[in-house]
Number of protein chains: 2
Amino acid sequence: MEEREFAALREEMPADEVLYDLAELFKVFGDSTRVKILYALFERELCVQEIADLLSLSQSSVSHQLRILKDAKLVRFRREGKSMYYSLDDDHVRAIISMGMEHVEE
Amino acid sequence: MEEREFAALREEMPADEVLYDLAELFKVFGDSTRVKILYALFERELCVQEIADLLSLSQSSVSHQLRILKDAKLVRFRREGKSMYYSLDDDHVRAIISMGMEHVEE
DNA sequence: TGCACATATGAACACATGAACATATGAAAG
DNA sequence: CTTTCATATGTTCATGTGTTCATATGTGCA
């Protein structure tokens, strides 16, 4: 490859930090428990215990994973009495998962 | 939540195996070295050494990661003489990364 | 205030994973 | 067929990650 083209390719690469963040984001999707939780929230918001019951997971495990999803800004939450209701944060989440699904279902 | 609604939600969940595969797919995107390689291939196909030079990675590391990308069917490859040229497998890859980028750049 | 319920957090453990190094395979040229 | 170049593979090691169990926080109600 020519030196000039090589340099051009290099220029088009996003900053390392951006690519790092991108990988961090996908890492969050890269666990079946978290994917299950996200999918469960596709239909409607759910509280922690509902998610745990629905997916046959421990409350602790769900809570831990929800924290990771929360930190990645993939889910929102609101309090209602003693319960915390979680929901998908935005439509990017749906879009990303749907794209992944298309690839998987080939 | 009512028992009936609970059951309905359960029905809409994709099979465990599908969700497992989905998570496995995202896991592949969840490493900055692999994301860099995929991004490098956005513009055009590249051989192993070109990728290594472009990203300042060892040949071994690139090869290992390419194998993972290959197994996940995210990249194709063809031989040309002694070199192996890799390229993105389909447009899902671009779409998924682009979606992720949108989320990251908020 | 005291108790029960819902969720969050912390620590420990088992397991997965990426990087680095050495080595093997495979193709082309002499 | 031997050498060289390009790539692939195997192994080791340090680090990261998810789950479980125990415990803490927080809310509502008697």
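Anything mentioned here points back to the structure above.
Residues numbered from 1 in each chain as written. Chains lettered and ligands numbered in written order. Predicted model: local features only at pLDDT ≥ 70, side-chain atom pairs only at ≥ 80, totals over all residues. Heavy atoms only, no water.

(A) View of the overall build of chain A. In terms of helices and strands, chain A carries six helices and three strands. Reading chain A from its N end, one meets helices and strands in the order α-α-α-β-α-α-β-β-α. By principal-axis analysis of the C-alpha atoms, chain A measures approximately 65 × 30 × 20 Å. For chain A, the residues scored as buried account for 47% of the 106 residues in total. Residue pairs in contact within chain A that sit at least 24 positions apart in sequence constitute 51% of those at least 6 positions apart. The distance from the centre of the 14 positive side-chain charges to the centre of the 22 negative ones in chain A is 11 Å. (Helix = DSSP H or I, 4+ residues; strand = E, 2+ residues; numbered from the N terminus. Buried < 20%, exposed > 50% of the residue type's maximum accessible area, 1.4 Å probe, protein only. Contact = heavy atoms within 4.5 Å. Lys, Arg positive; Asp, Glu negative; His and termini not counted. Charge placed at Lys NZ, Arg CZ, Asp CG, Glu CD.)

(B) Up close: the sheet that holds strand S2 (residues 75-80) of chain B. Residue and element names in this part refer to chain B. The strand order S1-S3-S2 describes an open sheet built from three strands, whose pairing is antiparallel. At either end of the open sheet lies a strand with only one pairing partner, and these are strand S1 (46-47) and S2. Relative to strand S3 (residues 83-88), S2 runs antiparallel, the two being bridged by six bridges. From the neighbouring strand, Phe-77 faces S3, where its bridge partner is Tyr-86. Against the sheet, helix H5 (residues 59-71) touches S2 and S3, its axis set at about 120 degrees to S2. (Pairing = 2+ DSSP bridges. Axes fitted to C-alpha atoms, helices over the stretch in contact; angles between N-to-C directions.)

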